[in-house]
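Chain and residue survey
Single-letter residue listing:
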Amino acid sequence: MPAPKRLKIGEGKISGFVSIFLSILSLGGVLCFRFPERLTTPEFRELYTGESMATLIAAVIIASFFFALLSLVLSKKIKWPLIGSSIAGLAVLLGAFAVEGRAVDKTAWHFGLDWMLLDLLLMTVIFIPLELFFPKRTDQTKFHEEWRTDLVYFVISHLFIQFFGVITQKPAVLFFGWIGLDKVHLWVQNLPFIAGLFLAFFSTDLFQYWAHRIFHNHVYLWRFHSVHHSTKNMDWLAGSRTHFIDIFFTRAMTFIPLYILGFPESVFNVYIIFVAIHAVLIHANTRINFGPLKYIFATPQYHHWHHCEDPKHYGKNFAAIFPFIDMIFGTYYLPGNKWPESTGVLEGEYPKGFIKQSVYPFTKSPFDNDLNMSERSER
């Protein structure tokens, strides 16, 4: 089966896919309005209003119809425009132009559909044009053989935000909840905003660095984290491919300094937004090097070397935000403007699909045929 070719501007396929994508988002938005108790996140609802989301849904539906028409004009084919228009039409029938916000009752459980839809919209608006006009690997298509798997990872991690949030906070509360932290919180909250933001970035990245490095150095934990490294197609969705054991351990470690230091809401919100965008950026398929900023913040080039398939470059660039943390611990590697020739795990074999990849590390090793895996390289 021939590999899919990179999409070209002017053929009508891109606009057709955009129409379908936007129509699905609008339909999901309508469902959030109809079932807010089960499909929206209480903490996230505080960051937007019902009126703003109603306006956004209307704009997205209009845009979906526009791109469907553009696809029809450019491609002279009905398939993609019809799918996009049909889904958008269903959203209209369900009341997309008449949705209104209302008081939401507190429930014991919920899915983060609102968080998923808004984050997905924001990420695609930022990164698809970036990868389209400034790609590092010009032959890599958005629809590579495992893009659906990476999208499932993205969806699952967002929909179950309540579950992951609760279980990753538990260790910090359990081990440090008995300590009187009021004075620490007061001191941190009185810091200037920039100082507090830097402290949040540095402390969480330092904890994340060691959690990340432990997953690479511990032979059993590596089998879970190596799922993240298994993709050979680095793009804005690649960072979502993370095993839930990896998510739990790494986020739990990252939450420890957030809990102990008790940052003010303004710092915490900026931190969350930055990390959400930056984590996607460093996996993106873009050749932009960001000039001198690449020595201050982790960039795609920097993190792609961490995913390098060549064993000679294993065990480098563990920091997620600040490269100087790698400098401190001797794991920094950034050779000028050079990029790795390929990414992935040279010595591993992985099944395809989200469910199989989630189960596989518990039963088998990607590197051996038994559970007594011997490490073959210093990742």
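Residues take numbers from 1 onward in each chain, read along the sequence in its written order. Thresholds applied to this predicted model are a pLDDT of at least 70 for local features of residues and 80 or more for the giving and counting of side-chain atom pairs; totals over whole chains, interfaces and linings are not thresholded and use all residues. Think of the side-chain values as coming from all heavy atoms in the structure, minus any hydrogens and water.

**Points about the overall build of the protein**
To be explicit about the condition: Each helix is a run of H or I in the DSSP string that is no shorter than four residues. Each strand is a run of E no shorter than two, and both are numbered from the N terminus. Atoms considered for the radius of gyration are the C-alpha atoms alone. The globule rule reads 2.2 Å times the number of residues to the power 0.38. With a 1.4 Å probe rolled over the protein chains alone, any residue whose accessible area is under 20% of its type maximum counts as buried; one over 50% counts as exposed, and the rest are partly exposed. Residue contacts are defined here by distance: any two heavy atoms, one from each residue, within 4.5 Å place the two residues in contact. Under the convention used here, a 1.4 Å probe and the Shrake-Rupley method define accessible areas, while residue burial counts only the protein chains that appear. The charged-residue count follows a simple rule in which Lys and Arg add positive charge and Asp and Glu add negative charge, with His and chain termini not counted at all. Where a charge lies is defined by one atom per residue type: Lys uses NZ, Arg uses CZ, Asp uses CG and Glu uses CD.
Across its full length, the protein holds 16 helices and 0 strands. Over its C-alpha atoms the protein spans a radius of gyration of 22 Å, differing by no more than 12% from the 21 Å that the globule rule assigns to 379 residues. Principal-axis analysis of the C-alpha atoms gives the protein an extent of 55 × 55 × 45 Å. Here the protein holds 379 residues, and the buried ones make up 48% of them. For the protein, contacts bridging at least 24 residues in sequence account for 79% of all contacts bridging at least 6. Split by element, the accessible area of the protein, about 19300 Å² in all, is 69% carbon and sulfur. Looking at charge distribution, the protein has the averaged site of its 33 positive side-chain charges lying 6 Å from that of its 29 negative ones.

**Concerning the pattern of salt bridges**
The condition is simple: Within this document, salt bridges are pairs made up of a side-chain nitrogen of Lys or Arg and a carboxyl oxygen of Asp or Glu, the two lying within 4 Å of each other.
Considering all chains together, one arrives at 7 salt bridges under this definition. One salt bridge in this structure joins Asp 310 and Lys 312, with 3.9 Å as the shortest N-O distance. Classification of Asp 310 as partly exposed rests on a relative accessible area of 29%. Three or more residues joined by partner-sharing salt bridges are found here, namely Glu 146, Asp 150, Arg 241 and Lys 352.

**Brief notes about the packing of aromatic side chains**
Counted only if it meets this: Ring pairs shown here join Phe, Tyr and Trp side chains whose ring centres sit within 6.5 Å, with only the six-membered ring taken for Trp; geometry is labelled stacked below 30 degrees between planes, edge-to-face above 60, and tilted in between. Consider the ring centre and the ring normal. A charge sits over the ring if Lys NZ or Arg CZ is within 6 Å of that centre and within 35 degrees of that normal.
Overall, the coordinates contain 31 aromatic pairs when judged by the stated rule. Between Phe 17 and Trp 80, the aromatic rings sit 4.8 Å apart at their centres with planes inclined by 65 degrees, giving edge-to-face as the arrangement. On the criterion of sequence distance, the pair formed by Phe 17 in helix 1 (residues 13–34) and Trp 80 in helix 5 (residues 79–93) is long-range, its members being 63 residues apart. Judged by relative accessible area, Trp 80 falls into the partly exposed class, the value being 26%. It is Arg 251 that lies over the ring of Phe 164; its NZ or CZ is 5.8 Å from the centre.

**Quick look at the packing of helix 6 (residues 113–133) against helix 7 (residues 147–159)**
The condition that has to hold: Think of each axis as a best-fit line through the C-alpha atoms, taken over the contacting stretch in the case of a helix, with angles from 0 to 180 degrees between the N-to-C directions. In these notes the angle categories are as follows: under 35 degrees is roughly parallel, over 145 is roughly antiparallel, 65 to 115 is roughly perpendicular, and the rest is oblique. By convention, the crossing between two helices is left-handed when the near helix turns anticlockwise from the far helix through less than a right angle, and right-handed when the turn is clockwise.
Viewed as axis vectors pointing N to C, helix 6 and helix 7 meet at an angle of 135 degrees, and their least axial separation amounts to 8 Å. When the axes of helix 6 and helix 7 are compared, the pair comes out oblique. The two elements helix 6 and helix 7 cross, and the hand of that crossing is right-handed. Contacts from Leu 113, Trp 115, Met 116, Asp 119 and Leu 120 in helix 6 reach Phe 154, Val 155, His 158 and Leu 159 in helix 7.

**Description of helix 8 (residues 161–176)**
Operational definition: An expected span of 1.5 Å times one less than the residue number is assigned to each helix. Throughout, bend refers to the angle between the axes fitted to the seven residues that end at a position and the seven residues that start at it.
Its 16 residues give helix 8 an end-to-end C-alpha distance of 23 Å, which sits within 8% of 22 Å, the value for a rise of 1.5 Å per residue. Maximum bend of helix 8: about 30 degrees, positioned at Lys 170, with proline Pro 171 one to four residues after it. Listed in full, the buried residues belonging to helix 8 are Phe 164, Thr 168, Pro 171 and Ala 172. Among the structural elements, helix 7 and helix 12 (244–261) are those in contact with the buried residues of helix 8.

**Quick look at helix 12**
With 18 residues, helix 12 ought to run about 26 Å at 1.5 Å a step, and its terminal C-alpha atoms sit 26 Å apart, in line with that. At Phe 255, helix 12 shows its largest kink, close to 25 degrees, and the proline Pro 257 lies no more than four residues downstream. Taken together, the buried positions of helix 12 are Asp 246, Ile 247, Thr 250, Ala 252, Thr 254, Phe 255, Ile 256, Pro 257, Leu 258 and Leu 261. Remark: Gly 262 follows helix 12 within two positions and exhibits a positive phi of approximately 60 degrees.

**Here's the deal with the side chain of Asp 326**
Just so we agree on the cut-off: Two N or O atoms count as a polar contact when they lie within 3.5 Å, although within protein this holds only if one can serve as hydrogen donor and the other as acceptor, and sequence-adjacent residues are included solely when both atoms are side-chain atoms.
Residue position: Asp 326 is located in helix 15 (residues 323–329). We note that Asp 326 is buried and unpaired, the nearest opposite charge coming from Arg 213 at a distance of 6.6 Å. Within the local environment of Asp 326, its side chain forms a polar contact with the side chain of Tyr 302, the two groups lying 2.7 Å apart. Once residues lying within four places of it in the same chain are set aside, the contact partners of Asp 326 are Tyr 209, Tyr 302, Asn 317, Phe 318, Ala 319, Thr 331 and Tyr 332.

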